[in-house]
Amino acid sequence: MFPLQRGRRLRVNESIRSLVRETTLSPSDFMFPMFITEGENVQVEIPSMVGICRRSIDLTVEEVKEIFALGIRAVNIYVKVDESLKDNTGKEAWNPDGLMQRAIKAIKSACPEMIVMPDVALDPYSIYGHDGIIEKGDIANDATNAALVKMAVSHAQAGADFVAPSDMMDGRVLRLREGLDAAGFHNVGIMSYSAKYASAFYGPFRDALDSAPVDNVEIPKDKKTYQMDYANRIEAIKEALMDVEEGADMVMVKPGIAYLDIVREVKNAVNVPVTVFHVSGEYAMIKAASERGWLDHDKIMMEQLMCIKRAGASLISTYFAKEAAILLNK
């Protein structure tokens, strides 16, 4: 009761505020999404993602070493696949000499302690830009799961620590766990994109990998038949609980800032770590606004990351990981 209780006593200066701060950030809270392309000494900035590049494996390895030195301990990797290698089966996804498999090997060889979580989905390998195999004008769930198992096992064989299925097929976590175990990879974890919404915030990411669904009247024009309706909340809890039952070691909510209510709901419901993907559109908006002088870049960046952590994230996949780690290390 006022005046016996005055909340401002605990806000008098930064030293007091830091003593009672409920949530803290460190570089080990971050995972850095990285885009990999073929070639050597190749670095191409993605126009819609200022400061983020597609890099060849050699330059990716150098970047991994740099961020590891900053305290970041996980990378989520994606590859830009040559158009000539794409088809409807996605078979390039489990090529033992494919770009993803070579990238995993190179990163683990150069920086063994970096946790590598390769993306498991067929859209970078699909002529249709969808996360699954098209049959009779729709995404074939079970056939896609069989392909994803081959993809995940090839990642494990290359040295991945976790596989990160982002496809949103029904039952794929169980199939992946069974497939990994059958291949002897009992200790390779699964970080499942459990509550991945059909969001407009993914646009810049699709620019990075050239993986947007193609305009074809015979197939779905978007990913709404498998990614979640952003109007739904209870469904996210159900999906996360199902993935845990099927063997997921971590679950993910994607996107981030616009979905913090979902992050908290999922955190309260599951007994595994919750990852949050602070996605490309959220990144791009901060970059664009700060370039125009409308927002303070570093303050907004750190506020959003802190809010994601406060909402319940155990790990934040963010394109700001390197910049935030540099600030935190100061």
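The protein chain is annotated in an unreviewed UniProt entry as Delta-aminolevulinic acid dehydratase of Flavobacterium bernardetii. Of the protein chain, the UniProt comment under Pathway (unreviewed entry) reads exactly: "Porphyrin-containing compound metabolism; protoporphyrin-IX biosynthesis; coproporphyrinogen-III from 5-aminolevulinate: step 1/4." Its UniProt record, at the heading Sequence similarities (unreviewed entry), says of the protein chain: "Belongs to the ALAD family."

Asker: I'm lost on the overall build of the protein chain in this one. Help?
Answerer: A tally of regular secondary structure across the protein chain gives 11 helices and 12 strands. At 20 Å, the protein chain has a C-alpha radius of gyration in line with the 20 Å of a compact globule built from 330 residues. Here the protein chain holds 330 residues, and the buried ones make up 55% of them. Surface accessibility of the protein chain: about 15000 Å² in total, with carbon and sulfur atoms responsible for 52%.

Asker: Help me out: how do you make sense of the pattern of salt bridges in this one?
Answerer: Once the charged atoms of two side chains with opposite charge are near each other, the side chains can pair. If you walk through the whole model with that rule in mind, you get 20 salt bridges. We note a salt bridge from Asp249 to Arg177, for which the minimum N-O separation is 3.9 Å. Taken as a pair, Asp249 in the loop between helix H7 (234–246) and strand E10 (250–254) and Arg177 in helix H5 (residues 172–182) lie far apart in primary sequence, 72 residues in all. Taking relative accessible area as the criterion, Asp249 reaches 35% and is therefore assigned partly exposed. Within the structure, one salt-bridge network assembled from shared partners comprises Arg55, Glu63, Glu66 and Lys322.

Asker: Please explain H5 as it appears in this structure.
Answerer: Side chains of residues three or four places apart in an α-helix project in the same direction, reflecting 3.6 residues per turn. Of the residues making up H5, those classed as buried are Arg172, Val173, Leu176, Arg177, Gly179 and Leu180. Buried residues along H5 cover an arc of 165 degrees about the axis, so they all sit on one side. Contact partners of the buried residues in H5: helix H4 (141–158), strand E8 (162–165), strand E9 (189–196) and H7.

Asker: It is not clear to me how the side chain of Thr60 should be interpreted in this structure. Could you clarify?
Answerer: Note on placement: Thr60 falls in helix H2 (residues 57–70). Exposure remark for Thr60: the relative accessible area of 2% places this residue in the buried category. Apart from residues no more than four positions distant in its own chain, Thr60 is found in contact with Met34, Ile36, Arg55 and Ile107.

Asker: So what exactly am I meant to see when it comes to a nonpolar patch on the surface here?
Answerer: Taken together, the side chains of Leu10, Leu19 and Val20 define a hydrophobic patch exposed on the protein surface, amounting to about 310 Å² of accessible area. Tracing the chain through its elements places Leu10 in the segment before helix H1 (14–19).

Asker: Quick question: what am I supposed to make of empty space enclosed by the protein here?
Answerer: Gaps between atoms show up when a probe of the same size as a water molecule is rolled over them. Enumeration over the complete set of coordinates arrives at 3 cavities of 30 Å³ or more. As for the largest cavity, its lining consists of 17 residues, and the residues nearest its centre are Asp123, Ser166, Lys196, Phe205 and Lys254. Classifying every residue of the lining of the largest cavity by side-chain character gives 7 nonpolar, 3 polar and 7 charged. Around the second largest cavity, the lining residues are Met168, Met169, Asp170, Gly171, Arg172, Glu239, Met242, Asp243 and Glu246. The biggest single contributor to the lining of the second largest cavity is H7, with 4 residues. Split by residue class, the lining of the second largest cavity holds 3 nonpolar, 1 polar and 5 charged.

How each quantity is defined
- Residues numbered from 1 in each chain as written.
- Predicted model: local features only at pLDDT ≥ 70, side-chain atom pairs only at ≥ 80, totals over all residues.
- Heavy atoms only, no water.
- UniProt positions renumbered as here; feature names shortened; annotations may be inferred.
- Helix = DSSP H or I, 4+ residues; strand = E, 2+ residues; numbered from the N terminus.
- Rg over C-alpha atoms; globule rule 2.2 N^0.38 Å.
- Buried < 20%, exposed > 50% of the residue type's maximum accessible area, 1.4 Å probe, protein only.
- Areas by Shrake-Rupley, 256 points an atom, 1.4 Å probe, with all protein chains shown as cover.
- Salt bridge = Lys/Arg side-chain N within 4 Å of Asp/Glu carboxyl O.
- Arc of directions from axis to C-beta.
- Contact = heavy atoms within 4.5 Å.
- Patch = residues over 30% accessible without salt bridge, like charges linked within 9 Å, V, L, I, M, F, W, Y side chains within 5 Å.
- 1 Å grid on protein atoms, 1.4 Å probe; cavity = no way out; pocket = protein on both sides within 12 Å on 5 of 7 lines; lining within 4 Å.
- Points joined across faces, edges and corners; volume = space filled by probe spheres on them.
- Nonpolar A, V, L, I, M, F, W, Y, C, P; charged D, E, K, R; others polar.

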